[in-house]
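# Commentary on secondary and tertiary structure
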Amino acid sequence: MKSPRERIIETTFQLFARQGYNSTGINQIISEAEVARASFYQYFKSKEDLCVEFLNVRHEYWFGELHQFLLQEKDSKSKIIKAFDFLVYMNGKESFRGCSFLNILSEIPMDNIKILSVIQSHKADLRNFFLDLLDNDDELSDHIYMLFESSIIESQLFKSNELIEKSKKLVTNLIQ
């Protein structure tokens, strides 16, 4: 049996994915997670704190899945190319739900530093992932990062992997 905290996080993921951050209330999370109000507030002081924790959990999950997906790849170039296949894999697994971080970014005011900093940190880690694979070639890695990010957004928007595949071909040509 899952702990109340785990049920809250899992329910939060489902509700944020289905109806967004702003349309999801604490009462609905408490009800659907089947936890007592006191349990919720034992773990989270506010919806904002819950969102930060949700994003931190999502960050760990997403990068864990990415690294697992790339485990068989031996060199940096094949890891970069295979990272685009990871997007196709995640779209299949999560029905084109897109990036949790960008989805929430579109709903929060830009002065919400607490949530914004977690989103920025996630994106910085992704940028650094490509930078590390390309031996600190920041211009090339930023091009690949931008293709990767736009592929996520476009695939969510059009419920299609077509632009991921096109980006993958572009990246393959860039790094050969």
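Nothing here was measured: the structure is a model prediction, and the numbers come from that model.

Here is what the cut-offs are and how they apply
Residues numbered from 1 in each chain as written. Predicted model: local features only at pLDDT ≥ 70, side-chain atom pairs only at ≥ 80, totals over all residues. Heavy atoms only, no water. Salt bridge = Lys/Arg side-chain N within 4 Å of Asp/Glu carboxyl O. Helix = DSSP H or I, 4+ residues; strand = E, 2+ residues; numbered from the N terminus. Buried < 20%, exposed > 50% of the residue type's maximum accessible area, 1.4 Å probe, protein only. Expected span 1.5 Å × (residues − 1). Contact = heavy atoms within 4.5 Å. Core = buried A, V, L, I, M, F, W, Y, C linked by side-chain atoms within 4.5 Å. Patch = residues over 30% accessible without salt bridge, like charges linked within 9 Å, V, L, I, M, F, W, Y side chains within 5 Å. Areas by Shrake-Rupley, 256 points an atom, 1.4 Å probe, with all protein chains shown as cover. Lys, Arg positive; Asp, Glu negative; His and termini not counted. Charge placed at Lys NZ, Arg CZ, Asp CG, Glu CD. Phe/Tyr/Trp six-rings, centres within 6.5 Å; stacked < 30°, edge-to-face > 60°. Lys NZ or Arg CZ within 6 Å of the ring centre and 35° of its normal. pLDDT = per-residue confidence, 0-100.

### Details of the pattern of salt bridges
One pass over the structure, following the stated rule, counts 11 salt bridges. Arg18 is the salt-bridge partner of Glu32, the closest N and O atoms lying 3.6 Å from each other. Placement of Glu32 in helix H2 (residues 26-33) and of Arg18 in helix H1 (residues 4-19) is noted, with a sequence separation of 14 residues between them. A relative accessible area of 56% means that Arg18 is categorised as exposed. In the salt-bridge network here, residues are joined through shared partners; they are Glu48, Asp49 and Lys114.

### A few points about H1
The terminal C-alpha atoms of H1, which comprises 16 residues, lie 22 Å apart, in line with the 22 Å expected from a rise of 1.5 Å per residue. Those residues of H1 lying buried are Arg7, Ile8, Ile9, Thr11, Thr12, Leu15 and Phe16. Where H1 is buried, its residues touch H2, helix H3 (37-43), helix H4 (47-69) and helix H6 (100-105). Of the residues one or two after H1, Gly20 is the one with positive phi, at around 90 degrees.

### Details of the nonpolar core
Within soluble globular proteins, side chains that are nonpolar tend to cluster in buried spots. Core analysis: the biggest nonpolar cluster contains 39 residues, and Leu55, Ile104, Ile115, Phe130, Ile144 and Phe148 have the highest contact counts within it. Only H4, helix H5 (76-94), H6, helix H7 (113-133), helix H8 (138-158) and helix H9 (162-175) provide two or more residues apiece to this core. The biggest single contributor to this core is H7, with 8 residues. Excluding residues that lie within four positions of it along the chain, Phe148 makes contacts with Trp62, Ala83, Phe84, Leu87, Leu126 and Phe130. If you look at the next biggest cluster of nonpolar residues, it comprises 11 residues, including Ile8, Ile26, Ile29 and Phe40.

### Quick word on unusual backbone geometry
One non-glycine residue, Asn136, lies in positive phi territory at about 65 degrees. With respect to the helices and strands, Asn136 occurs in the loop between H7 and H8. Positive phi values are uncommon outside glycine, yet Lys159 reaches one of about 50 degrees. Position of Lys159 among the secondary structure elements: in the loop between H8 and H9.

### Some remarks on a negative patch on the surface
A contiguous patch of negative charge, built from Asp132, Asp135, Asp137, Asp138 and Glu139, is present on the exposed surface. Tracing the backbone shows Asp132 in helix H7.

### Details of the packing of aromatic side chains
Working definition: an aromatic ring pair is given by the centre-to-centre distance plus the angle between the planes. Within this structure, the stated rule accounts for 15 aromatic pairs. On the numbers, 5.7 Å between centres and 50 degrees between planes, the contact of Phe40 with Phe44 is tilted. When the ring of Phe86 is compared with that of Tyr89, the centres are 6.1 Å apart and the planes differ by 35 degrees; the resulting orientation is tilted. Of the two residues, Phe86 and Tyr89 both sit in helix H5, 3 residues apart, roughly one turn of that helix. By relative accessible area, Phe86 is classed as buried at 0%. An aromatic cluster is built from Trp62, Phe63, Phe69, Phe84, Phe86, Tyr89, Phe129, Phe130 and Phe148, whose rings are joined through pairwise contacts. If you follow Lys47 out to its NZ or CZ, it ends over the ring of Tyr21, 4.4 Å from the centre.

### Side note on the confidence of the model for the protein
With 100% of its residues at a pLDDT of 70 or more, the protein shows a mean pLDDT of 96. Mean pLDDT per element in the protein: H1 is the minimum at 95, and H7 is the maximum at 98.

### Description of the environment of Tyr41
Relative to the assigned elements, Tyr41 resides in helix H3. In this structure Tyr41 comes out as partly exposed when scored by relative accessible area, which is 38%. Separated by 18 residues in sequence, Tyr41 and His59 have C-alpha atoms that sit 23 Å apart.

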